[in-house]
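# Structure assessment
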Amino acid sequence: MPAPSRFRVGLVQMRCGTDPAANLERAVAGIRDAAGRGAGIVCLPELFRTQYFCQREDAALFDLAEPIPGTTSERMAAVAKELGVVVVASLFERRAAGVYHNTAIVLDADGRLAGRYRKMHIPDDPLYYEKYYFTPGDLGFTAFDTQVGKIGTLVCWDQWYPEGARLTALAGADVLFYPTAIGWHPSEKAEHGERQLAAWQTIQRSHAIANGVYVVAVNRVGHEGSADAGLDFWGASFACDPFGGIIAEAPRDAESILVVECDRALQEDVRRNWPFLRDRRIDAYGSITQRLIDR
């Protein structure tokens, strides 16, 4: 069956509490809401089953990881099949003892596991101690065939890297999904908050423009951690079109479910008029694989 020219995408921006089971039910409710409003594919935030545990290094937190298939992936598969929607869900994957990944799975509308993507770029910053928990991804950048067509998913910190977006688009993805958990350090929010959020949005809009694709970023919202520190997750989940125009944006301080329409005819038109992929000088980019170009 050919991919539809038009389809709707659901973004579930949610708070994540201390009870994983409650978070899972909140996510399922969000998927149902989006599907009821016509979404053919729904994306959840990064690591939605728990609060963002990477704020500290604690070996006991590896117990939060789960295999794929496992409890959460099977529940997501059942919901996808029941509702006839594609689901993008971000999980803490237990691959083996001592080997864990930050993984996004894509479940097709029949409940089939269309594929998984393991986060490639792993940050290590104050309150984002992800290198302690996550083995870097080893599946590369790819696109997954689904009921709504070819889509790609990356994860959070990958948002800042044009190489990942480019390679996923070159693999055929018409939409790039970014499950996300990003926020402000409360002590920095007043001075740097607006610029940080603007930079986050700008880099992703640039991926849409440079590759002629839709981009969908789905963040969590709310404060997690100690009252006087921790992280203020800034919400602001959004979708933009291949021209970089924002179609819809969620609030910064509340849960929200957005449903937006994607149109492959618009993508075709944008790529014909801005043929960036055609004009790439692939013969001249060999040095991109070097850390720095030292002369």
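Residues numbered from 1 in each chain as written. Predicted model: local features only at pLDDT ≥ 70, side-chain atom pairs only at ≥ 80, totals over all residues. Heavy atoms only, no water.

### Topic: helix 5 (residues 186–211)
When the local axis directions of helix 5 are compared, the greatest deviation, roughly 85°, occurs at histidine 192. In the stretch just after helix 5, glycine 212 is the one whose phi turns positive, near 65°. (Bend = angle between axes of the 7 residues up to and from the residue. Helix = DSSP H or I, 4+ residues; strand = E, 2+ residues; numbered from the N terminus.)

### Regarding a nonpolar patch on the surface
A cluster of nonpolar residues, Phe243, Trp274 and Phe276, forms a patch on the protein surface that exposes about 300 Å² of accessible area. Residue placement: tryptophan 274 occurs in the segment after helix 6 (264–273). (Patch = residues over 30% accessible without salt bridge, like charges linked within 9 Å, V, L, I, M, F, W, Y side chains within 5 Å. Areas by Shrake-Rupley, 256 points an atom, 1.4 Å probe, with all protein chains shown as cover. Salt bridge = Lys/Arg side-chain N within 4 Å of Asp/Glu carboxyl O.)

### Here we look at the nonpolar core
Most often, soluble globular proteins have nonpolar side chains that are buried together. Among the nonpolar cores identified, the biggest contains 64 residues, and Val9, Ile41, Phe92 and Phe177 are the most heavily contacted of them. The element that contributes the greatest number of residues to this core is strand 12 (residues 214–218), accounting for 5 residues. Sequence-distant contacts of isoleucine 41, defined by excluding residues within four places in its chain, comprise Phe7, Arg8, Val9, Gly10, Val86, Val88, Val148, Ile151 and Phe177. (Core = buried A, V, L, I, M, F, W, Y, C linked by side-chain atoms within 4.5 Å. Buried < 20%, exposed > 50% of the residue type's maximum accessible area, 1.4 Å probe, protein only. Contact = heavy atoms within 4.5 Å.)

### Topic: the packing of helix 4 (residues 162–170) against helix 5
One way to put it is that helix 4 packs onto helix 5 with a least axis distance of 10 Å and a crossing angle of 40°. Relative to helix 5, the element helix 4 lies oblique. Once helix 4 is placed against helix 5, the crossing between them reads as right-handed. Of the residues in helix 5, those touching helix 4 at Pro162, Ala165, Arg166 and Ala169 are His207, Ala210 and Asn211. Classifying every residue of the contact of helix 4 with helix 5 by side-chain character gives 4 nonpolar, 2 polar and 1 charged. (Axes fitted to C-alpha atoms, helices over the stretch in contact; angles between N-to-C directions. Parallel < 35°, antiparallel > 145°, perpendicular 65-115°, else oblique. Left-handed = near helix turned anticlockwise from the far one by under 90°. Nonpolar A, V, L, I, M, F, W, Y, C, P; charged D, E, K, R; others polar.)

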